[in-house]
Amino acid sequence: VTVTPPTTAAACQDLSLPQTEYEVLFKRRDSEKTKHVTSFENTIQINEDVLDLDTDYEVAVTWRNRFSQPKDLSRTKPLTTGFGYPSAPKSAQAYSLSPDTILVFWSLPDQPNAPLDELRYRITVQSSTQAAAAAGGIAYADGKFAAASSPNVTCLVDKCQAKIPDLKRSTEYKIWITALHKDSVDLMNIDGRSNETSAKTLDVPGSLTAEKLSGAELMLKWTTLNKDNALKQINVEYKVSGVPDGTWQTAPNGTFDPKLQSEVEMKLSNLRSATTYDYRYNAIYENELKNDDTSYSISQVYNKAPLQMRTIAGIPSAPQNVRSYADAEGWLVKWQAPANDGGESILSFVIDYRPNASAEWQTVEESVPGSQLIWRPQNLHPDKDKSEFRVAAVNSIGVGAYGSSKDMPEIEGNGDGSNMGLVVAAAVLILLLVAALCVGAFIWHWRRNKKRMSKAQAVFTLTPIRPGIGGGNHNSPAHMPAELVEELKSLPHVPKSCVNLVRILGKGSFGEVFEGLACNLPRIGPKSLRVAVKVRATVLHA
């Protein structure tokens, strides 16, 4: 409990004052029971046996000195005490399961002082080369062990058990179990520590070594060193190193009983040349244990840290997709680079030929550059049904395996086969047809426009509207409203010589509309202007 000291009056700042005594009162809620704690320090430590566990209190404070009476109580503050520390776990006992794992049993504390699901158990280990330290554990619940280790484990039923992983092989460990409440796992509970128990981890079951055989082969060798009764099986695995999601593969003859087979050789084939491989083994232990007259069957897998071995450089694998076919220029041989260059750069390619399956292979080219994946034979007359080519890659180690053109179907067209000329001819013919259509469309369009121009440029007689002429003529002012006659008089007139019809735009029952060019228009001047000209039907037929 921390109390803020009283403020000294201004008149007493330079005086020596008597020591203040604080009194803290803990009153149980809904009860008259009160406990008093006094101290001359304003920070007051309340001992464990003063207050009741899991109890609600109202807390207040007052103070005094030898010259004054106690002051009035401060305002109260609520406080709920906790359960307190649990007592120590009982009957701790440890058993070795594998070279890196120990199993420990214990019984629940007599006084948990909290619900069991709020308790946590800290496992502490110590060896001759390691000071006492929390080791963490893999908790056991619902008939199985958890997937991962945690700093503190739980237990709800007797017997409690947990695995202690990641220990050193063949090492004696002292072990303690400490019970803690989940809200005080960082505090030290000396009274909650179990009895000391101990166990020694097993030694490794054997050794696994690797030997280089060739660019594509490794030999793994197993030797059994310790035939523990619980050791049941060894599994040897390997994979390409440095591949994050690489899958471990079981080596040939890589699963065996080490007590029956003390030495085992496993040959890894079809490997990549000049490539680093990881290899490891895991050992399976089946432990039969007895604790407090109860038998337990506990399985444990020991995974040995991976080792590495690099295959030596070798010859390349066979070139891929070797094909031979004829085109417009003659025969052609094509291929793709080998899947494995043997760990060395491809220097060149060798090409062999035979006219038929019963003939001997003849080397027809042995210096095709390593970057070139195509070759055209000279002075050869292959038969597409009988002749055969094969290609091999060469690196600094030697000549690799051959890839044969008979392994791929011959190409009969599609741009790479003997019908290449026909494909080209067909493409040219299509282009000529398209060109002919374009020319025909241009001629038809030109003739159509010419016909329209001829019609538009025909000589027409334009009859001006003159009021008062032609008795029955519909142009006569007698047939027009006076307003229209006056409006016609006011319209500007354009000489016929200033209007040139260019092309017809439309045609109707009252005449035709032409596009034309007009000059000397009012407000425009001598400049030509595009205009629309309507020619009445009577004028067209006049």
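Conventions used here
- All residue numbers refer to position in the chain's written sequence, counted from 1.
- A pLDDT threshold of at least 70 governs which residues receive local features in this predicted model, and a stricter bar of 80 or more applies before side-chain atom pairs are shown or counted, although totals over entire chains, interfaces and linings include all residues.
- Excluding hydrogens and water, the side-chain values take into account all heavy atoms of the structure.
- pLDDT measures how confident the predictor is about each residue, on a scale from 0 to 100.
- Residue contacts are counted whenever heavy atoms from the two residues lie within 4.5 Å of one another.
- Pairing between strands requires that DSSP locate at least two bridges from one strand to the other.
- Think of it this way: any DSSP run of H or I at least four residues long counts as a helix, any run of E at least two long counts as a strand, and we number them from the N terminus.
- Interaxial angle, 0 to 180 degrees, is taken between N-to-C directions of lines fitted to C-alpha atoms, where a helix line uses only the stretch in contact.
- The buried label goes to any residue with under 20% of its type's maximum accessible area, the exposed label to any with over 50%, and the partly exposed label to all in between, with areas taken from a 1.4 Å probe on protein chains only.
- Patches draw on residues past 30% relative accessible area with no salt bridge. Two like charges within 9 Å are joined, as are two nonpolar side chains (Val, Leu, Ile, Met, Phe, Trp, Tyr) within 5 Å.
- Residue burial considers only the protein chains on display, and all accessible areas are found by Shrake-Rupley using a 1.4 Å probe.
- Any carboxyl oxygen of Asp or Glu that lies within 4 Å of a side-chain nitrogen of Lys or Arg is treated as forming a salt bridge with it.
- The term disulfide is used for any two cysteine sulfur atoms that are within 2.5 Å.
- Any pair of Phe, Tyr and Trp rings, taking the six-membered ring for Trp, is counted once the centres come within 6.5 Å. Such a pair is stacked with planes under 30 degrees apart, edge-to-face with planes over 60 apart, and tilted for the rest.

Caption draft 1: Seen up close, the confidence of the model for the chain. For the chain, per-residue confidence averages 85 on the pLDDT scale, and 90% of positions sit at 70 or higher. For the stretch residues 410-418, pLDDT sits under 50, and the model shows 23 contacts to residues farther than four places along the chain or on other chains. Across residues 458-463 the pLDDT falls below 50, and counting only partners more than four positions away or on other chains, this stretch makes 10 contacts in the model.

Caption draft 2: How the structure looks around the sheet that holds strand β30 (residues 499-508). Here 3 strands make up an open sheet; going across it, the order is β30-β31-β32 and the pairing antiparallel. Two strands in the sheet have a free side with no partner beyond their single neighbour: β30 and β32 (529-536). Taken pair by pair, the neighbouring strands of this sheet meet at an average axis angle of 30°, ignoring direction. In terms of strand pairing, β30 meets strand β31 (residues 511-518) through 8 bridges, oriented antiparallel. Bridging across to β31, G506 finds its partner in V513.

Caption draft 3: Region of the structure containing the sheet that holds strand β19 (residues 263-268). Read from one edge to the other, the open sheet built from 3 strands follows the order β15-β16-β19, with strand pairing classed as antiparallel. Two strands bound the open sheet, and with one partner strand each, they are β15 (206-214) and β19. Along the sheet, successive strands turn relative to each other by an average axial angle of 20°, direction set aside. With 8 bridges connecting them, β15 and strand β16 (residues 217-224) associate as antiparallel partners. By the bridge assignment for β16, A210 is matched with L220.

Caption draft 4: Quick peek at unusual backbone geometry. The omega torsion of the bond from D158 to K159 falls at -15°, within 30 degrees of zero and hence cis. Along the chain, K159 falls in the loop between β11 (152-153) and β12 (160-164). Positive phi values are uncommon outside glycine, yet S91 reaches one of about 55°. Looking at where S91 falls in the secondary structure, it is placed in strand β5 (residues 90-98). A relative accessible area of 41% places S91 in the partly exposed class. The backbone phi angle of D142 is positive, close to 55°, even though this residue is not glycine. Relative to the helices and strands, D142 is located in the loop between β9 (138-141) and β10 (144-145).

Caption draft 5: Main features of a nonpolar patch on the surface. A contiguous nonpolar patch, built from V424, V428, L429, L432 and L433 and spanning about 470 Å² of accessible area, is present on the exposed surface. As for its position among the elements, V424 is in helix α1 (residues 420-456). A residue is classified by how much of its surface remains accessible, and V424, at 45% relative accessible area, is partly exposed.

Caption draft 6: Expanded view of the pairing of strand β3 (residues 56-64). Direction of pairing for strand β1 (residues 21-28) relative to β3: antiparallel, over a ladder of 8 bridges. If you follow Y22 over to β3, its bridge partner there is W63. Sheet topology note: the β3/strand β4 (residues 77-80) ladder contains 4 bridges and is antiparallel. Within the sheet, the bridge partner assigned to V59 lies in β4 and is K77.

Caption draft 7: Seen up close, the state of the cysteines. Summed over the entire model, instances satisfying the criterion amount to 1 disulfide. Paired through a disulfide, C155 and C160 show a sulfur-sulfur distance of 1.9 Å. Linking C155 and C160, the disulfide has an S-S dihedral of approximately -85° and is accordingly described as left-handed. With no disulfide partner, C498 has as its closest neighbouring cysteine sulfur the one in C519, 3.8 Å distant.

Caption draft 8: Spatial organisation of the pairing of β16. Adjacent in sequence and paired antiparallel, β15 and β16 are bridged by 2 residues. Taken together, the 6 bridges between β16 and β19 define a ladder with antiparallel strand orientation. Bridge pairing links L218 to L268 in β19.

Caption draft 9: Spotlight on the pattern of salt bridges. Evaluated as defined, the whole model comprises 24 salt bridges. For D56, the salt bridge goes to R29, with nearest N and O atoms at 4.0 Å. Here D56, found in strand β3, pairs with R29, found in the loop between β1 and β2 (34-39); they are 27 residues apart in sequence, far enough to count as distant. Classification of R29 as partly exposed rests on a relative accessible area of 36%. One salt bridge in this structure joins D203 and R169, with 2.7 Å as the shortest N-O distance. Of this pair, D203 sits in the loop between β14 (197-200) and β15 while R169 sits in the loop between β12 and β13 (172-181), and the two are 34 residues apart along the sequence. Each of the salt bridges in this network shares a partner with another, and the network as a whole consists of R28, K33, K35 and D52.

Caption draft 10: Structural view of the environment of Y279. Considering the arrangement of structural elements, one finds Y279 in strand β20 (residues 276-291). Counting along the chain gives 30 residues from Y279 to M309, while the straight-line C-alpha distance between them is 7.8 Å. Y279 has contacts with L208, T209, A210, L220, E237, Y238, W248, P306, L307, Q308 and M309, leaving out every residue within four places of it along the chain.

Caption draft 11: Structural view of the packing of aromatic side chains. Evaluated as defined, the whole model comprises 12 aromatic pairs. Relative to Y281, the ring of W222 has its centre 4.9 Å away and its plane inclined at 75°; by these criteria the two rings are edge-to-face. Residue W222 is located in strand β16, and its partner Y281 is located in strand β20; the two are separated by 59 residues in the primary sequence. Overall, the relative accessible area of 1% leaves W222 in the buried class. Classification of Y281 by relative accessible area gives buried; the value is 2%. A centroid spacing of 6.4 Å and a plane angle of 70° characterise the contact between W375 and F389, whose relative ring orientation is edge-to-face. You can see W375 sitting in strand β27 (residues 374-375) and its partner F389 sitting in strand β28 (residues 388-394), a full 14 residues away along the chain.

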